[in-house]
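# Summary of the model geometry
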Amino acid sequence: MWRIESARLIAGLARITGDVGAAEELAQDALVAALEQWPRRGIPPNPAGWLMTTAKNRAVDGFRRQAVHNRAVSRLARELPSAVDDRDRIDDAIDDHIGDDVLRLLFTACHPVLPMSSRVALTLRCLAGLRTDEIGRAFLIGEALAGQRISRAKKALRDNDVRFELPPREQLAERLGGVLEVIYLVFNEGYSATAGDDWIRPELTGEALRLGRLTADLLPGRAEAHGLVALMELTAARQPARLGPDGTPVLLQDQDRGRWDRLLIRRGLAALDRAGATGEPVGPYTVQAAIAACHATAGDYRGTDWTRIADLYEVLAGVWPSPVVELNRAMAIGLAEGPEAGLQALAANVDAPALADYPQLPAVRGDLLARAGRNAEAAEQFEAAAALTRNEQERVLLRGRAAAIGAGADPQ
Amino acid sequence: MRYIILLEGTNPAGPPPEGLMAGIMQLGDEATRSGALLDNGGLAPSALGAKVAVAGGELSVVDGPFAESKEMISYAIYDVRSKEEAVEWATRFVRLHHESWPGWEGEATVLKVFGPEDFPPQS
């Protein structure tokens, strides 16, 4: 119940109090009251309404004792009628604004005055309903630090007098970019979790997916909101196939595509269609989702439409210039037009000094060299990549490829 | 983690009340918007289906309708963080039937779909 209702509850309280921090604390207090009272008195017929009413009552009760609620309460006192438990009236007031309120909450939690780590913590706390200890476990930072990030975020919002409102139209695209960045960071944190981790880490991909779906639903006209959902659904679809039974990563080319999640692929492709239907110009998330869609719809690695992927990387380089994008483009060209063409693109377009510490540069070069039959050079590159990576499992994988080629095995 | 919820029940005579259909739409919208509901669908009466079974050493295919008093009504696939959350959605759905269709009886079965969290790594 809490998980489902917390975002709406906090959003509704924030609209009334104008202060996300106070709203979050009021909602917490109400939850504690519920955990005390419901087991004894039974669950009320309208639990969400009960929480909202209780939160408002608490605000008034705690008026003198809790200085932190001062600002909130001064506004509440003006709004509050004598019959606080007029549940229907309160529910109506909340329901009228619910979508906008949750959207305001999202933009406030991801406000640019906050450092990224605080945006992430506050978003998971207020929008996804995670407890502070869960956030601490999920990001391997411990409960104390997670709590610190959240309380600092609340303070920063107050100190900077950030109002609980939607960004002005001319800033909406940029601010949405900030929101999507937070969601994608949460997704990648979960996706990078390894098999031995606490289950809550991989579950971050689920949190990010749900937040992304929510955002796209609240801003249906924004291509990139749908694009990010598509990218995450299509990437998550590969999750069941990306680790071997011993927990080591399996390369895309070796993955058992029968284990890919068809439901998520279908949803990802539908989200990509919605991004296209907005008529907005494509952005980085939508283009990356289109690339992921090429993989998702290909029967196998060789049968993938590498020409289209190389073209999409070119589009991506246009909207999001990055040496990593050029590197991926070179790999796609190598698979579309042959390894030598890929090596040429790599030499011509990839800013090698910028990627000096990036293990994927020698790994891709090694892959292309192996495909060209230049095994000795390829083995050298795989060794170089193995020396650079900080991921132990990846190192094992790269050393294995170097050894296989060195031993004269089939480079493919 | 993923759960599938199967709803079965016995409908009173007559068409379902309008309020129920509106409520189902609203609840479905809400669950979809929150990102939790991945897929769902209503199920046609078993008269349009069949059953493939093995019993007493024999494989048989029998066309519906089946003799059971309850009919399967719908399925829904949820992506949630806990079993409690899946149960909460199922409860809302069943309560909606209970409150808007006098005489309706039925049950929702909440089943977990195996996921990576169910398979700890072999070391």
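A few points on the structure. The shown structure was predicted, so the numbers you read here are calculated from the model rather than taken from an experiment. (Residues numbered from 1 in each chain as written. Chains lettered and ligands numbered in written order. Predicted model: local features only at pLDDT ≥ 70, side-chain atom pairs only at ≥ 80, totals over all residues.)

Before going further, it helps to spend a moment on the overall build of chain B. Of regular secondary structure, chain B possesses 2 helices and 6 strands. Overall, chain B shows an N-to-C arrangement of helices and strands of β-α-β-β-β-β-α-β. C-alpha extents for chain B along the principal axes are approximately 55 × 45 × 20 Å. Put simply, chain B has 123 residues, and 19% of those count as buried. Long-range contacts, defined here as pairs at least 24 residues apart, represent 77% of the contacts in chain B between residues at least 6 apart. (Helix = DSSP H or I, 4+ residues; strand = E, 2+ residues; numbered from the N terminus. Buried ≥ 20, exposed ≤ 12 C-beta atoms within 10 Å, placed from the backbone. Contact = placed C-beta atoms within 7 Å.)

Of note, the bond from G64 of chain B into P65 of chain B is cis; its omega dihedral lies within 30 degrees of zero at 0°. One can find P65 of chain B in the loop between strand 4 (58-63) and strand 5 (71-79). Within the chain, L140 of chain A stands out as a residue other than glycine whose phi angle is a positive 55°. Along the chain, L140 of chain A falls in the loop between helix 7 (132-138) and helix 8 (142-159). Assessed through the 12 C-beta atoms surrounding it within 10 Å, L140 of chain A is described here as exposed. A positive phi is found at D161 of chain A, a non-glycine position, where the angle reads about 50°. Relative to the helices and strands, D161 of chain A is located in the loop between helix 8 and helix 9 (169-191).

Another point: the sheet that holds strand 2 (residues 37-42) of chain B. Residues and elements named next belong to chain B. Taken in spatial order, the 4 strands of this open sheet run 2-5-1-6, and their pairing is antiparallel. The outermost strands of the open sheet, each flanked by one partner alone, are strand 2 and strand 6 (105-113). With direction set aside, neighbouring strand axes in the sheet form an average angle of 15°. Alignment of strand 2 against strand 5, held across 5 bridges, turns out to be antiparallel. Of the residues in strand 5, the one forming a bridge with D39 is I77. (Pairing = 2+ DSSP bridges. Axes fitted to C-alpha atoms, helices over the stretch in contact; angles between N-to-C directions.)

The subject of this paragraph is the packing of helix 1 (residues 18-33) of chain B against helix 2 (residues 83-100) of chain B. All names here are of chain B. The contact between helix 1 and helix 2 brings their axes to 9 Å, and the two run at 165°. Here helix 1 is positioned roughly antiparallel relative to helix 2, judged by the angle of their axes. Here the hand of the crossing between helix 1 and helix 2 comes out right-handed. Taken together, the residues of helix 2 that come into contact with helix 1 (itself represented by G19, L20, G23, I24, L27 and A31) are W89, R92, F93, L96, H97 and S100. For the contact of helix 1 with helix 2, the class distribution of residues is 7 nonpolar, 4 polar and 1 charged. (Parallel < 35°, antiparallel > 145°, perpendicular 65-115°, else oblique. Left-handed = near helix turned anticlockwise from the far one by under 90°. Nonpolar A, V, L, I, M, F, W, Y, C, P; charged D, E, K, R; others polar.)

So, about the nonpolar core. The biggest cluster of nonpolar side chains holds 108 residues, and the ones touching the most others in it are I10, L13, L105, I183, L234 and A289 of chain A. The element that contributes the greatest number of residues to this core is helix 11 (residues 223-236) of chain A, accounting for 9 residues. (Core = buried A, V, L, I, M, F, W, Y, C linked by C-beta atoms within 7 Å.)

The next point concerns the environment of E233 of chain A. All names here are of chain A. Looking at where E233 falls in the secondary structure, it is placed in helix 11. By the C-beta count within 10 Å, which is 27 here, E233 ends up buried. In contact with E233, other than residues within four places in its own chain, are L209, L264, R267, G268 and A271.

A rise of 1.5 Å per residue sets the reference length of helix 10 (residues 203-218) of chain A, with its 16 residues, at 22 Å; its end C-alpha atoms lie 23 Å apart and thus fit the reference within 8%. For helix 10 of chain A, the tally of buried residues reaches 14 of 16 residues, placing the bulk of the element in the interior. (Expected span 1.5 Å × (residues − 1).)

Put simply, an interface is often sized by how much accessible area is lost when its parts join up. Listed as interface residues are 22 residues of chain A and, on the opposing side, 15 residues of chain B. Only helix 1 (2-17), helix 10 and helix 12 (262-277) of chain A provide two or more residues apiece to the side of chain A that touches chain B. Looking at the side of chain A that touches chain B, the element that brings in the most residues is helix 10 of chain A, giving 8 residues.

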